[in-house]
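Report on the structure
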Amino acid sequence: MTEAKKVKIMLLKTVSALGQERELGSVLSEICAPETEAEIWSLASVPKLTNLEYRTYETFVGPDMLRAIRKAEREGFDAVIIGCFMDPHIAAARELSRSTVIVGSCQASLQVASSLGAKFSVLVGAKHWISHVEELVRHYGYADRLSSVLPMEIDAADLRDDVATTVTKIIDLGRRAIEEDGADVIVMGCTYTFGMYRAIQDALNVPVIDPAFASFKMAELLAWQKKTFGWMQSNGVGQQAPPESEIEAFELFAVPPAIGCRVEIG
C-alpha cells in the first residue's frame, strides 16, 4: 500500500456458542495494520449452535447474517468477512451490500493458495465436508488446481480442545497431500484452526494457508482499494440488489440481528 488509509472491517463469526472471540481477536491483532479499525461480531441466532458443518445449520443463521451485514454497512464498515470456511450465504450478502465489500474465508484462501503453487489440497474436519468444499472450489474456478480434499476426522467444535494433537494430525495429513497427491500448498479448511499454521508450515516446508489470516488481509486490501479507487461491491446485473422500496415494504430488517458480542481487534 502506497498510502495509509483508515479502513473499517468486521469479521462476522457465524456462531457464538464456543466463544473464542477474544482469543481470535488477540491473534488477529498481531497482523492488523495500524490504519485498520476492526471488530469481531458473533451471531447468537441459535444460541447452542457450535458449527456450520451442515447446510441445514447454515440455513438457520442466514437471516441474522444478512441483518448483521446490513447493520455493518449502516455503521460504515468498508468490508465484512464471513467467518466460516464454507462461505455461507455469500451470494446473498454480496447482492444485498451496496458499499461494503464482502469477503469469503474460503474464496480468499483459494485465491492466495493458487498464487503460491500449481496445486493445493484442502484439509477439512470430516468426510461429509468434502463434497461441499469440492463444490466451492469448482464454483470459484479452481477445480483444475485442486489436488485433494482430505478429512482430519475432527469435529469443528473440537479442533481447539487439544491444539497439539490437532496440529500433529494436520501435519500427518499434509504430508500425505504433498507426497501422494502432489500438493504445493495446504489450505486449512476451517476457520477454527486460526493461528496453527506456523508449526504446520515449519514441519511441511510448503505454504499453509490460514483462512482467518488470509481473509482478514484480503479484507484490508479490498477495503483500501475501496477507499482509494472506489471499488465497491457491484450491484450490476449479476448482483443486482433488491429494491429498497421492497426491502422496506417487506420489513425484511424490522428485527435486529441476534449478535452475541462485539469484540474490538487490536
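Fair warning: this is a prediction, and the values are worked out from it, not measured in the lab. (Residues numbered from 1 in each chain as written. Predicted model: local features only at pLDDT ≥ 70, side-chain atom pairs only at ≥ 80, totals over all residues. Heavy atoms only, no water.)

Bringing the packing of helix α6 (residues 163-181) against helix α7 (residues 197-204) into the picture now. Between α6 and α7, whose axes approach to 10 Å, the crossing angle comes to 40 degrees. Taken together, the axis directions place α6 and α7 in an arrangement best described as oblique. Of the two elements, α6 crosses α7, and the hand of that crossing is right-handed. Of the residues in α7, those in contact with V167, I170, I171, G174, R175 and I178 of α6 are A199, I200, A203 and L204. In terms of residue class, the contact of α6 with α7 is made up of 8 nonpolar, 1 polar and 1 charged. (Axes fitted to C-alpha atoms, helices over the stretch in contact; angles between N-to-C directions. Helix = DSSP H or I, 4+ residues; strand = E, 2+ residues; numbered from the N terminus. Parallel < 35°, antiparallel > 145°, perpendicular 65-115°, else oblique. Left-handed = near helix turned anticlockwise from the far one by under 90°. Contact = heavy atoms within 4.5 Å. Nonpolar A, V, L, I, M, F, W, Y, C, P; charged D, E, K, R; others polar.)

A few words now on the side chain of K8. With respect to the helices and strands, K8 occurs in strand β1 (residues 7-13). Among buried charged residues, K8 stands out as having no salt bridge; its nearest opposite-charge side chain is E37, 4.2 Å away. Excluding anything up to four places from it in sequence, K8 contacts E37, E75, G76, F77, D78 and A79. (Buried < 20%, exposed > 50% of the residue type's maximum accessible area, 1.4 Å probe, protein only. Lys, Arg positive; Asp, Glu negative; His and termini not counted. Salt bridge = Lys/Arg side-chain N within 4 Å of Asp/Glu carboxyl O.)

It is characteristic of soluble globular proteins that their nonpolar side chains tend to be buried jointly. One finds I9, L12, F120, V122 and I200 to be the most contacted residues of the largest nonpolar core, which totals 86 residues. A total of 7 residues in this core trace back to one element, the largest contributor, which is helix α8 (residues 211-229). (Core = buried A, V, L, I, M, F, W, Y, C linked by side-chain atoms within 4.5 Å.)

Attention now goes to a negative patch on the surface. Judged by side-chain charge, E153, D155, D158, D161 and D162 come together as a negatively charged surface patch. Tracing the sequence through the fold places D155 in the loop between β6 (146-151) and α6. Classification of D155 as partly exposed rests on a relative accessible area of 40%. (Patch = residues over 30% accessible without salt bridge, like charges linked within 9 Å, V, L, I, M, F, W, Y side chains within 5 Å. Areas by Shrake-Rupley, 256 points an atom, 1.4 Å probe, with all protein chains shown as cover. Charge placed at Lys NZ, Arg CZ, Asp CG, Glu CD.)

Quick look at the sheet that holds strand β8 (residues 208-209) now. As summarised here, the arrangement of the 4 strands in space is β6-β5-β7-β8, forming an open sheet in which the pairing is parallel. Pairing within the sheet leaves two strands with one partner each, and these edge strands are β6 and β8. Pairing between strand β5 (residues 120-124) and strand β7 (residues 185-188): 4 bridges, direction parallel. Opposite F120, over in β7, you have V185 as the bridge partner. Running at roughly 150 degrees to β6, α6 makes contact with β5, β6 and β7 of the sheet. (Pairing = 2+ DSSP bridges.)

On to the sheet that holds β1, then. Taken in spatial order, the 5 strands line up as β4-β3-β1-β2-β9 in an open sheet, and their pairing is mixed. The sheet is open, and its two borders are formed by β4 (101-104) and β9 (259-265), each paired with just one other strand. The mean inter-strand angle of the sheet, taken between neighbouring strand axes irrespective of direction, is 20 degrees. Pairing geometry for strand β3 (residues 79-83) and β4, over 4 bridges, is parallel. When the bridges of β4 are listed, V80 appears paired with I102. Against the sheet, helix α1 (residues 21-29) makes contact with β1, β2 (36-43) and β9, and its axis sits at roughly 25 degrees relative to β9, the strand it touches most. Taken strand by strand, α8 contacts β1, β2, β3, β4 and β9, and its axis lies near 145 degrees from that of β1.

Under the criterion given, the structure shown has 14 salt bridges. The closest approach of N and O atoms between R160 and E23, which form a salt bridge, is 3.0 Å. Separated by 137 residues along the polypeptide, R160 in the loop between β6 and α6 and E23 in helix α1 bring together distant segments of the chain. Close ionic contact of E75 with R262 constitutes a salt bridge, the shortest N to O distance being 2.9 Å. With E75 in the loop between α2 (55-74) and β3 and R262 in strand β9, this residue pair connects regions lying 187 residues apart in the sequence. Residue class for E75 comes out partly exposed when judged on its relative accessible area of 27%. On the basis of relative accessible area, R262 is assigned to the partly exposed category, the value being 37%. Each of E39, K71, E75 and R262 takes part in one network of salt bridges that share partners.

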